[in-house]
Amino acid sequence: MKKRQAILSTVLAIVLASTMSITAKADVYRSELTNEPIDVSLQAQRPIAVMVDNEKTALAHYGVNKSDIVYEMMNSTANGRITRLMCVVKDWKNLTQFGSIRSARPTNFMVAAEYNAILVHDGGPFYINPYVAAPYTNNLSGGFARFSNGKRTEFTEYVTSNGYKNPKTGKSYAGLNARIARAGYSETYNQFYLGKHFQFSDAEFTLDALGGTTANQVLLPFPHNGSQLHYNATTRT
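Anyway, here's the lowdown on the structure attached to this text. This one's a predicted model, so the numbers in the text were calculated from it and none came from an experiment.

Scoring rules and cut-offs
- Residues numbered from 1 in each chain as written.
- Predicted model: local features only at pLDDT ≥ 70, side-chain atom pairs only at ≥ 80, totals over all residues.
- Heavy atoms only, no water.
- Pairing = 2+ DSSP bridges.
- Helix = DSSP H or I, 4+ residues; strand = E, 2+ residues; numbered from the N terminus.
- Contact = heavy atoms within 4.5 Å.
- Polar contact = N/O pair within 3.5 Å; in protein donor to acceptor, adjacent residues only side chain to side chain.
- Buried < 20%, exposed > 50% of the residue type's maximum accessible area, 1.4 Å probe, protein only.
- 1 Å grid on protein atoms, 1.4 Å probe; cavity = no way out; pocket = protein on both sides within 12 Å on 5 of 7 lines; lining within 4 Å.
- Points joined across faces, edges and corners; volume = space filled by probe spheres on them.
- Nonpolar A, V, L, I, M, F, W, Y, C, P; charged D, E, K, R; others polar.
- Arc of directions from axis to C-beta.
- Core = buried A, V, L, I, M, F, W, Y, C linked by side-chain atoms within 4.5 Å.
- Patch = residues over 30% accessible without salt bridge, like charges linked within 9 Å, V, L, I, M, F, W, Y side chains within 5 Å.
- Areas by Shrake-Rupley, 256 points an atom, 1.4 Å probe, with all protein chains shown as cover.
- Salt bridge = Lys/Arg side-chain N within 4 Å of Asp/Glu carboxyl O.

Re the sheet that holds strand β10 (residues 157–159)
Working step 1: Strand order across the open sheet formed by three strands is β6-β10-β9, with antiparallel pairing between neighbours. In the strand order of this sheet, the two ends are held by β6 (98–99) and β9 (145–146), each with one partner.
Working step 2: Bridging between β9 and β10 involves two bridges; their strand directions are antiparallel. Directly across from Ala145, in β10, lies its bridge partner Tyr158.

Quick notes on the environment of Asn166
Working step 1: Here Asn166 lies in the loop between β11 (164–165) and β12 (172–173).
Working step 2: For Asn166 and Arg146, which are 20 residues apart along the polypeptide, the C-alpha to C-alpha distance reads 7.0 Å.
Working step 3: Excluding residues that lie within four positions of it along the chain, Asn166 makes contacts with Arg146, Phe147, Ser148 and Lys171.
Working step 4: Engagement of the side chain of Asn166 in a polar contact is seen with the backbone nitrogen of Thr169, the distance being 3.0 Å.

Thoughts on helix α2 (residues 106–114)
Working step 1: Within the span of α2, buried status applies to Pro106, Asn108, Phe109, Val111, Ala112 and Ala113.
Working step 2: Of the surrounding secondary structure, the elements contacted by the buried residues of α2 are β3 (48–53), β4 (69–74), β5 (83–89), β7 (118–121), α3 (129–132) and β8 (139–141).
Working step 3: Positive backbone phi, approximately 60°, marks Asn116, located one or two places after α2.

With respect to the layout of surface pockets
Working step 1: There is about 1,100 Å³ of room inside the largest pocket.
Working step 2: Residue lining of the largest pocket: 24 residues in total, with Phe205, Thr206, Thr235, Arg236 and Thr237 positioned closest to the centre.
Working step 3: Split into classes, the residues belonging to the lining of the largest pocket amount to six nonpolar, 12 polar and six charged.

A look at helix α4 (residues 176–183)
Working step 1: By the burial criterion, the buried members of α4 are Leu176, Asn177, Arg179 and Ile180. The buried residues of α4 occupy an angular sector of 170° when projected down its axis, which confines them to one face. Exposed and facing more than 90 degrees away from the buried side of α4 are Ala181 and Arg182.
Working step 2: Looking at the residues trailing α4, positive phi occurs at Gly184, about 75°.

Some details on the nonpolar core
Working step 1: The biggest cluster of nonpolar side chains holds 18 residues, and the ones touching the most others in it are Ile48, Val50, Phe98, Val159 and Leu176.
Working step 2: Counting only elements with at least two residues in this core, the list comes to β3, β5, β7 and α4.
Working step 3: Grouped together as the second largest cluster of nonpolar side chains are 15 residues, Ile69, Met73, Val111 and Ile128 included.

With respect to a nonpolar patch on the surface
Working step 1: Among the surface-exposed residues, Phe205, Leu207 and Leu210 lie close enough to one another that they form a single nonpolar patch of about 380 Å² accessible area.
Working step 2: In this structure, Leu207 sits in the loop between α4 and β13 (217–219).

A word on the pattern of salt bridges
Working step 1: As enumerated under the stated definition, the model contains six salt bridges in all.
Working step 2: We note a salt bridge from Glu157 to Arg146, for which the minimum N-O separation is 3.5 Å. In this pair, Glu157 sits in strand β10 while Arg146 sits in strand β9, placing the two residues 11 residues apart along the sequence.
Working step 3: The closest approach of N and O atoms between Glu154 and Arg152, which form a salt bridge, is 2.9 Å.
Working step 4: We classify Glu154 as partly exposed; its relative accessible area is 31%.
Working step 5: Assessed through its relative accessible area of 52%, Arg152 is described here as exposed.
Working step 6: Sharing partners across several salt bridges, the network here consists of Asp122, Arg146 and Glu157.

Here you go:
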């Protein structure tokens with residue numbers, strides 16, 4: 001009798017485990033940005049693209065690790081080919097401090113549109129105006145939270161999802177969520193969405209068979225920032 005109970009308990013445990021596994025899988029999907037499993041509630045939500053200052057004075061960055069994709073783009077041919085980051089973020093409703101943020105260039109509007117992303121920045125030169133006015137553009141410019149970090153004003157602006165009150169100045173700022181709603185922008189993909197940006201493989205594979213040169217370190221041509229890419233052999237990234 002005890003043996004029969006043990007068998008039934010084992011069978012029940014397997015059934016429950018299988019059910020839990022199916023339920024878990026039903027709660028996630030493969031992100032169109034990274035192919036990583038993420039919460040299915042995010043599936044229709046369009047991303048934001050945040051312009052982040054990459055000037056040495058702006059360091060350290062905050063929130064960039066929440067990004068799904070990070071572009072490093074040259075902002076100017078002067079000043080040692082200084083760059084800015086454009087961070088594409090799918091899950092943006094709970095950001096506590098992201099940035100600091102700076103101005104955008106035409107390239108940022110064009111690349112953000114490829115993802116149907118809402119571009120978040122602080123201004124830009126006059127020649128971005130045609131891109132701001134483009135029908136496919138949704139953008140939020142300036143007016144984000146100012147943090148008292150002891151730096152010059154241009155290095156103090158950060159995105160927060162919810163409202164923020166600076167404890168030192170007492171000034172309050174509307175959060176990203178409220179500003180998107182106030183602008184009347186759709187939180188979900190709209191008619192300008194071009195579909196998935198990437199085609200991911202369903203199976204793991206390596207490029208070993210193709211030969212080539214091993215590159216464990218890549219030095220990018222941005223002398224001001226000294227940007228580098230390092231290969232992690234453990235994670236193969």
